[in-house]
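Take a look at the letters that make up each chain.
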Amino acid sequence: MAECHPVGFQWVTEAKARGATVIHVDPRFTRTSAVADLHLPIRAGTDIVFLGALINHVISTESYFHDYVVAYTNAATLVHEDFRDTEDLDGLFSGYDGATGHYDTTSWAYQEPEDGAVAKAGGNEHGSSESARSAGEEHGSGGPALEHSVVLRDETLQDPRCVFQILKRHYSRYTPQMVADVCGIPEEDFLKVAKALCDNSGRDKTTMFCYAVGWTQHTVGAQMIRTSAILQLLLGNVGRPGGGIMALRGHASIQGSTDIPTLFNLLPGYLPMPKVGDHETFEDYIASITSKDAKGFWANADAYMVSLMKSWFGEHATKDNNWALDLLPRLTGAHGTYQTTMAMLDDEVEGYFVLGQNPAVGSAHGTLQRDALRHLKWLVVRDLQLVETATFWKDSPEVASGEWRPEDIDTEVFFFPAASHAEKAGTFTQTQRLLQWRHKAVNPPGDAQSELEFFFEVGKRIRARLAGSTEERDRALLAMTWDYPTDAEGEIDPAAVLAEINGRDADGQLLSAYTQMKADGSTSGGCWIYTGVFADGINHAADRVPGRDQNPIAAQWGWAWPANRRVLYNRASADPEGKPWSERKKLIWWDAESGKWTGDDVPDFPPDKDPSFRPEEGTGGPDGIAGDDPFVMMADGKGWLYAPKGMVDGPLPTHYESQESPVHNPLYAVQANPTRVIFERKDNLFAPSPPAPGSDVYPFVFTIARLTEHHTAGGMSRWLPYLSELQPEMFCEVSPELAAERGLENAGWATIVSPRAVIEARVLVTDRMKPLRINGKIVHQIGMPYHWGVGNEAVISGDSANDLLGVVLDANTQIQEGKLGSCDIVAGRRPRGEALDRLLAEYQSRAGVTAATGTQRPHSVDTQGDSH
Amino acid sequence: MGLSPLEWPVVRQLRTGDRLGRGPAVTSARTRATEPRTSTADRVVQSVCPYCAVGCGQRIFVKDEKVVQIEGDKDSPISRGRLCPKGSASEQLVNSPTRPKQVLYRKPGGTDWEPMDRDRAIDLVVDRFLDTHRRTWVDRDEQGRRLRRTMGIASLGGATLDNEENYLIKKLFTAAGAIQIENQARI
Ligand code: SF4
């Protein structure tokens, strides 16, 4: 965090000065480790064992926050008897289909009250189709749908089928000893963490977890984050000040880019893109995402969707055309950026827009990425500088090695200079869901322009060309609203776009809250969770009351979704009766006199709902939320220790080894996540993992991360002299032990070989890298930053660490395993030209690598546990 | 050039009360004549750092319609005036001499860039877009179900795009039936 979110880390430093314990778990020793009370080097990819063992510790020592757990989580809820755990099936949950690698998630559901039938939760969708549209990400603002809110509970937590008991059994083998064997963290260090965690949780204290893509970019990435969510719920650290799980997002508006997504599977506000066949009518669509009988605000998704379609299509969105759902394209599977890369290689994609992004360096498997660009008919790159993606045809590593000639590359390339952040107004949404308006300082230089202006112009010209067309394919383009106000220079007004996103009522007045949205077509709003940013006609993203003039919540600086709440689910900061759990940790509370929730933050709860309120059983929507149901976006009002829906690879996080691993999975017969998304191709090879022969050819783990002085693929840092001077050269960091073993010299060169690429880097030998003892065997990890790329335009260039990666994805999110892989390292620079390819091939043949290596999945298992 | 005795260092120290000789007593005439860029700016604009997602507040100082300095915004409750090396270097990001100021075009098989008029370049992109759109449009699948899309056009955006920009991009591409619209957020 100190390394990649330096200014955010000032708050950690400040907390430490006030007595907080700071623990850093990371394969690398970074600026965070330097000031932490404890740094634990961990074997990359094993966090579920570490966190699972903490869960086990918390349960077995009865250190959980009992009252919170019983009242606010689904610990007491009974799960269907058909459910089988990975402990029963040696690494698989019930419902696995070995032929497809997907789960039928039906048996994971809660027990039904009446007859024991399995809940068809909000239109039960098969795991394969959920994975294909990366359905996990739809829960960015609210939980998955349940058909209704009636559940069976045993508040003594003793029923063997209650979530608490299932959880207890699931993690019983995740012990300190297992942590030592799998993660390489000594037992005594683990116990120090366990103690600190328990000592600093409860009524008076809270613990916070911070993570970044060190958790996300794994084939078990979403589940790593889930493990910490379980832990935080058990400890009562959610919805309370100083608690929670902070997703430290890496780019200025990466949060905004999922809220208002440019993602294949989402519409704004985490509404799903419609899917072929399943979403023919508006009713089908809504039934698949929510139910009016489920609790909470997500039950009103129909109002959010109709309002979005009114914003996009105005009068052309009517009840008769399914509120314009008829005009939208349909998904037929996963169409994520890596599937798109493969489609380019198969010549299915003709044109590609790359906007402030540099996939030739930043995406996994750079060779594959650059090859994909070569297959395009036309490419539009918009950026501040001539990034490697724009110049791949003239100075990529493949051109440098003589493998490609520019003359033979038929891609037509347009480079448009972009406007910088100072040259356009608009909002970024930072890591705490806070929208901050940037005022424009100056005009962009020369022909540079913003994406807003560029796409507004492209849209205008497209529509002008198509005017009068009656072709079906042109209908939506002509029907969409595109008449934004412009300034004196004819440029689009970004505030008008934000106002459209906010939404309006039937009279054209700006809405103040998403609760005003209606499903009858009388309201509009381009992203329901952002409604309120323009409350009372004021652009609250531009609110700038200085921090020193406000309480620590600082509600008048920017605007956070939803409804300017700063701590999500903050009803949980008070006990079931509405009193703060402790004076020290109070945030909001029930004021019986005024009959309202009040406090320092905007209550994340119906403002006048009495804590003693109990709805009639089965009531759906916001009215179904009981006075002690803090998780207002969850279909049962509870925090989910166990996820009966929403995850495609299991209701509980389970340890699997990474796609490429130096060890055999010590916990289960199943080696890697059985649902991971695999691309079996000759140009996407993987190293064998033990006990398969050849696994010793790539014996080391490389792990990829960032540096303070650079930004991602370097487009905004390697062209700046200041930053280039601070971190001039690509390097790899190794331990003195590994250096001795391989004859590597500090400041000398090393060649790193994976089954995909050969790269070179300067060697940094430090005892900050620790050899780990895993199951009695020493495992070396090599740390590398990924900011460099090969090209002629930047101030500094170098080989790209991401070239070493293969493409294999987390099935929940379609995100790549970008944090690690297997490699070898030898002293000296890499060969040039054809010799480089020969070296790559020689390793591949020695390891016996083929396209099928590492792509096997386990066989199906029936619910009785027999393999077949 | 002789110094008036009043300007002798020790006299200066006494005269200005700078007893340790680390303040005004030891500044040169040139330094004394220098004013910070922040005080001579024509205007100051509140902005946000474009690198990581901490969202540090920035103050952008503008003189003669040029960005002359970018500093941390001390009003921000997030950053309290601080910027890290990246945020502090963002003036170079804006004023970088290597930023191309015109549209560049590389024809198929070409070995170098050619500058191109922006208006014409946008027209050519619109030509390509509509041509691909027309040829690759699929209205229904084999079972006659709605698809309404093109798999011939894709997009990948970085996460320094504004919300308003993402909104227009998603709206335009979705209306065009292009579904392979992605972002760094997936990566
Ligand atoms: S100044 Fe540094 S910490 Fe702050 S937003 Fe920019 S990159 Fe992040």
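Note that the structure is a prediction, hence the values are computed from the model and not measured.

Calculation notes
Residues numbered from 1 in each chain as written. Chains lettered and ligands numbered in written order. Predicted model: local features only at pLDDT ≥ 70, side-chain atom pairs only at ≥ 80, totals over all residues. Heavy atoms only, no water. Near = heavy atom within 4 Å. Nonpolar A, V, L, I, M, F, W, Y, C, P; charged D, E, K, R; others polar. Domains from an automatic or database assignment. Axes fitted to C-alpha atoms, helices over the stretch in contact; angles between N-to-C directions. Helix = DSSP H or I, 4+ residues; strand = E, 2+ residues; numbered from the N terminus. Parallel < 35°, antiparallel > 145°, perpendicular 65-115°, else oblique. Left-handed = near helix turned anticlockwise from the far one by under 90°. Contact = heavy atoms within 4.5 Å. Pairing = 2+ DSSP bridges. Buried < 20%, exposed > 50% of the residue type's maximum accessible area, 1.4 Å probe, protein only.

(A) Geometry of the site of the ligand. For the ligand, the full set of nearby residues is Pro6 and Val7 of chain A together with Cys49, Tyr51, Cys52, Gly55, Cys56, Leu83, Cys84, Lys86 and Gly87 of chain B. In this structure, the ligand is bordered by residues of chains A and B. A per-class count over the shell around the ligand returns eight nonpolar, two polar and one charged.

(B) Focus on the domain arrangement of chain A. Under the domain assignment, chain A is made up of domain 1 (256–332 + 493–542) and domain 2 (677–847). Relative to domain 2 of chain A, the C-alpha centre of domain 1 of chain A lies at a distance of 44 Å.

(C) Quick look at the packing of helix α3 (residues 47–60) of chain A against helix α10 (residues 221–234) of chain A. Residue and element names in this part refer to chain A. Where α3 meets α10, the axes come as close as 9 Å, and the angle between the chain directions of the two elements is 15°. Judged by the angle between their axes, α3 and α10 are roughly parallel. The two elements α3 and α10 meet at a crossing, and its hand is left-handed. Every residue of α10 that contacts α3 at Asp47, Ile48, Leu51, Gly52, Leu54, Ile55, Val58 and Ile59 is listed here: Gln223, Met224, Thr227, Ser228, Ile230, Leu231 and Leu234.

(D) Structural context of the sheet that holds strand β13 (residues 434–438) of chain A. Read across the open sheet, the three strands follow the order β12-β13-β14 (chain A); overall the sheet is antiparallel. A single partner strand is all that each edge strand has here, and the edge strands are β12 (426–429) and β14 (559–560) of chain A. Examined bridge by bridge, β12 of chain A and β13 of chain A share four bridges and lie antiparallel to one another. Paired with Thr427 of chain A across the bridge in β13 of chain A is Trp437 of chain A. Strands β12 and β13 of chain A of the sheet are contacted by helix α7 (residues 163–175) of chain B, whose axis makes an angle of about 95° with β12 of chain A.

(E) Geometry of the packing of α3 of chain A against helix α7 (residues 176–183) of chain A. Residue and element names in this part refer to chain A. At a minimum axis distance of 9 Å, the contact between α3 and α7 shows a crossing angle of 170°. In terms of axis orientation, α3 runs roughly antiparallel to α7. Along the contact surface, α3 presents Val49, Phe50 and Ala53, while α7 presents Met178, Val179, Val182 and Cys183. Split into classes, the residues belonging to the contact of α3 with α7 amount to seven nonpolar, no polar and no charged.

(F) Structural view of unusual backbone geometry. All names here are of chain A. A cis geometry characterises the amide bond from Trp561 onward to Pro562, with omega recorded as -10°. You can see Pro562 is positioned in the loop between β14 and β15 (588–591). Following Pro690, the chain continues to Pro691 via a peptide bond in cis, the omega torsion being 5°. Mapped onto the fold, Pro691 is located in the loop between β17 (677–678) and β18 (700–705). The phi dihedral of Asp536 is positive, around 60°, even though this residue is not glycine. With respect to the helices and strands, the residue Asp536 is situated in the loop between α21 (494–502) and β14. Residue classification places Asp536 among the exposed positions, given a relative accessible area of 65%. Even without being glycine, Thr712 reaches a positive phi, approximately 40°.

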